[in-house]
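# Fold and contact review
This is what each chain is made of:
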Amino acid sequence: MLTIIDKYILKRYLATFTVMLLLFIPIGIVIDVSEKINKMLENKIPFLDIVVYYYNFTIYFANSLFPIFLFLSVIWFTSKLANNTEVIAILSSGISFSRFLRPYIIGASIVSVFVLLMGFYIVPAASEGFNNFRYTYLKGGGKEAMHGNNTNVYRQINDNEFIYVNSFNDVSKTAFNFTLEKFKGEELISKITASRIQWNPKDSTYTMYDYTKRTLGELDDKIEKAAEKKAVFTFDLEDLTPVVYIAETLSIGKLYDFIEKEKKRGSGDINVYLVVLYKKISVPISAFILTIIAVAVSSMKRRGGMGTNLAIGIALAFAFVFFDKIFGTLAEKSTFSPLFAVWFPNIAFGILAVFLLRNAKR
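Residues numbered from 1 in each chain as written. Predicted model: local features only at pLDDT ≥ 70, side-chain atom pairs only at ≥ 80, totals over all residues. Heavy atoms only, no water.

Another aspect to go through is the overall build of the protein chain. The secondary structure content of the protein chain amounts to twelve helices and six strands. For 362 residues, the compact-globule formula gives about 21 Å, and the C-alpha radius of gyration of the protein chain, at 27 Å, lies well above that figure. The dimensions of the protein chain, computed from C-alpha atoms along their principal axes, are 95 × 50 × 35 Å. With 362 residues in all, the protein chain has 44% of them scored as buried. Expressed as a percentage of contacts within the protein chain between residues at least 6 apart in sequence, the contacts between residues at least 24 apart total 62%. For the protein chain, the computed accessible surface area is about 19,400 Å², with 62% contributed by carbon and sulfur atoms. One way to put it: in the protein chain the 40 positive side-chain charges average out to a point 13 Å from where the 31 negative ones average out. (Helix = DSSP H or I, 4+ residues; strand = E, 2+ residues; numbered from the N terminus. Rg over C-alpha atoms; globule rule 2.2 N^0.38 Å. Buried < 20%, exposed > 50% of the residue type's maximum accessible area, 1.4 Å probe, protein only. Contact = heavy atoms within 4.5 Å. Areas by Shrake-Rupley, 256 points an atom, 1.4 Å probe, with all protein chains shown as cover. Lys, Arg positive; Asp, Glu negative; His and termini not counted. Charge placed at Lys NZ, Arg CZ, Asp CG, Glu CD.)

This is the structure we're talking about:
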């Protein structure tokens, strides 16, 4: 059962966090508009598209900076409790510091579940809309940049087949210098080449130009040629070079399936996808760690008052974001373990939370 004090603290926890979001999101929108207004006017972007973009921006922005907002909101209202000697009164009544933390942990649980569900189902759609708008309207050569490096693509599409294209044009859905090799074990049994292959969305087929198929036999090879030939394959051209932010746009179930498919294909971007997957779990967990640190730092009445607590809080919050970004980038750009990279900030700040909590109890 929640006591009156529990309800009081829990209400302040959730209310302050909500107000913090409502204060900073408009500021973020104003800054973003001021940076992009010239390009929006130059490209004559429809007003409705801009409205949808800022709806997606709100969700994307809030999800990205939620740890900072949560941390600062807890420090803010806990510092006010400490300055009003409410914390001293609560602890002097015989309530232990661990018991004092209970409403904070309940609040962190509510926020974590909300952020977890958002990250699984709502944020992916918002991320897709947010990034599509940026690459379509705001970036030079955005449509091409969406697919990153789309030259010299070589991938395994199933257990026995490998595909190679020299380059891929996403607008025309055309790949150049196409090769499809089929193996039986380690033995090559057939090879298809074409100077160009084009996807036909109407009937889900491909048209190959300057088509050649060589089937290897025990005594001699069989060669088939045609100037133009239609065929059905099990791969999609778009799957050869998925958009650079594809992992952010997938719900949790689709992301698992996508990663498994990319592993079989030997994708070089697996670490990027794994970082996105692991963050969907690690970020909500950080709510508990940051809450404990915030309470431990701000529950003591200091000479500098709330200003000192906020200064410490801002420094710690940005240190957390710094480590999160640095280790995430390390995992994406190197052979660094994505699992360790994503969880390192939580591990490091979890140890700090235990240390600060033990000192606060004294």
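Take the pairing of strand β4 (residues 187-200) next. Relative to β4, strand β3 (residues 174-184) is paired through ten bridges, and the arrangement is antiparallel. Each residue of the ladder has a partner; that of Thr-179, found in β4, is Thr-193. Remark: two residues form the turn of the hairpin made by β3 and β4, two consecutive strands paired antiparallel; Gly-185 in that turn has positive phi of roughly 70°. Bridging between β4 and strand β5 (residues 205-215) involves nine bridges; their strand directions are antiparallel. Directly across from Gln-198, in β5, lies its bridge partner Thr-207. Between the end of β4 and the start of β5, which pair antiparallel, lie four residues, with Ser-204 showing a positive phi angle near 55°. (Pairing = 2+ DSSP bridges.)

Within the secondary structure, Asn-346 sits in helix α12 (residues 338-361). Within polar-contact distance, the side chain of Asn-346 engages the backbone oxygen of Ser-282 at 2.9 Å. For Asn-346, the residues in contact, after removing those within four places along its chain, are Ser-282, Ile-285, Ser-286, Ile-289 and Phe-320. (Polar contact = N/O pair within 3.5 Å; in protein donor to acceptor, adjacent residues only side chain to side chain.)

We now examine the packing of aromatic side chains. Note on aromatic pairs: each is described by the distance of the centres and the angle between the planes. Summed over the entire model, instances satisfying the criterion amount to 32 aromatic pairs. Taking 5.5 Å as the distance between ring centres and 65° as the angle between the ring planes, the aromatic pair formed by Phe-100 and Tyr-104 counts as edge-to-face. Given the relative accessible area of 0%, Tyr-104 is considered buried. Here a set of aromatic residues connected by ring pairs shows up, and it is made of Phe-24, Tyr-53, Tyr-54, Phe-57, Tyr-60, Phe-61, Phe-69, Phe-130, Phe-133 and Tyr-137. The ring of Tyr-209 has Arg-196 lying over it, and the distance from NZ or CZ to the ring centre is 3.9 Å. (Phe/Tyr/Trp six-rings, centres within 6.5 Å; stacked < 30°, edge-to-face > 60°. Lys NZ or Arg CZ within 6 Å of the ring centre and 35° of its normal.)

Where helix α6 (residues 102-138) meets helix α10 (residues 270-298), the axes come as close as 9 Å, and the angle between the chain directions of the two elements is 155°. If you check the angle between α6 and α10, you find them roughly antiparallel. Our pair here, α6 against α10, has a crossing hand that is right-handed. Side by side, α6 and α10 meet where Tyr-104, Ile-105, Ala-108, Ser-109, Ser-112, Val-115, Leu-116, Gly-119, Phe-120 and Pro-124 of the first sit next to Lys-280, Ile-281, Pro-284, Ala-287, Phe-288, Thr-291, Ile-292 and Val-295 of the second. (Axes fitted to C-alpha atoms, helices over the stretch in contact; angles between N-to-C directions. Parallel < 35°, antiparallel > 145°, perpendicular 65-115°, else oblique. Left-handed = near helix turned anticlockwise from the far one by under 90°.)

Another point: helix α3 (residues 66-83). Here α3 spans 26 Å end to end across 18 residues, near enough to the 26 Å set by a 1.5 Å rise per residue. Burial within α3 is extensive, with 15 of its 18 residues counted as buried. Just downstream of α3 lies Thr-85, where phi reads positive at about 55°. (Expected span 1.5 Å × (residues − 1).)

Let's shift gears to the nonpolar core. In this structure, Tyr-104 and Ile-293 are the most contacted members of the largest nonpolar core, which totals 55 residues. Examining the composition of this core, we find that eleven residues originate from one element, α3, more than from any other. Not counting residues within four places of it along the chain, the set of residues in contact with Tyr-104 comprises Ile-9, Tyr-13, Val-74, Phe-77, Thr-78, Leu-81, Thr-291 and Val-295. With 18 residues, the next largest nonpolar core counts Phe-168, Ile-192, Met-208 and Tyr-211 among its residues. (Core = buried A, V, L, I, M, F, W, Y, C linked by side-chain atoms within 4.5 Å.)

Here the focus is a nonpolar patch on the surface. Together, Val-19, Leu-23, Phe-24, Ile-27 and Ile-31 line one region of the surface with nonpolar side chains, adding up to about 440 Å² of accessible area. Its place among the elements puts Leu-23 in helix α1 (residues 4-42). (Patch = residues over 30% accessible without salt bridge, like charges linked within 9 Å, V, L, I, M, F, W, Y side chains within 5 Å. Salt bridge = Lys/Arg side-chain N within 4 Å of Asp/Glu carboxyl O.)

Next up on the list: the environment of Asn-63. With respect to the helices and strands, the residue Asn-63 is situated in helix α2 (residues 47-64). On the basis of relative accessible area, Asn-63 is assigned to the partly exposed category, the value being 25%. Residues Asn-63 and Gly-119, spaced 56 residues apart in sequence, show a C-alpha to C-alpha distance of 7.8 Å. With residues near it in sequence (within four places) discarded, Asn-63 still touches Val-115 and Val-123.

In this section: the packing of α1 against α6. Across the interface, α1 lies against α6 with an axial gap of 12 Å and an inter-helix angle of 10°. Classified by the interaxial angle, the pair formed by α1 and α6 is roughly parallel. In the packing of α1 onto α6, the handedness of the crossing is right-handed. Each of Asp-6, Ile-9, Leu-10, Tyr-13, Leu-14, Phe-17, Lys-36, Lys-39 and Met-40 in α1 lies in contact with α6, whose residues at this interface are Arg-102, Pro-103, Tyr-104, Ile-106, Gly-107, Ala-108, Ile-110, Val-111, Phe-133 and Leu-138. Taken together, the residues of the contact of α1 with α6 sort by class into 14 nonpolar, one polar and four charged. (Nonpolar A, V, L, I, M, F, W, Y, C, P; charged D, E, K, R; others polar.)

Spatial relationships are all this shows, so hold off on functional conclusions.
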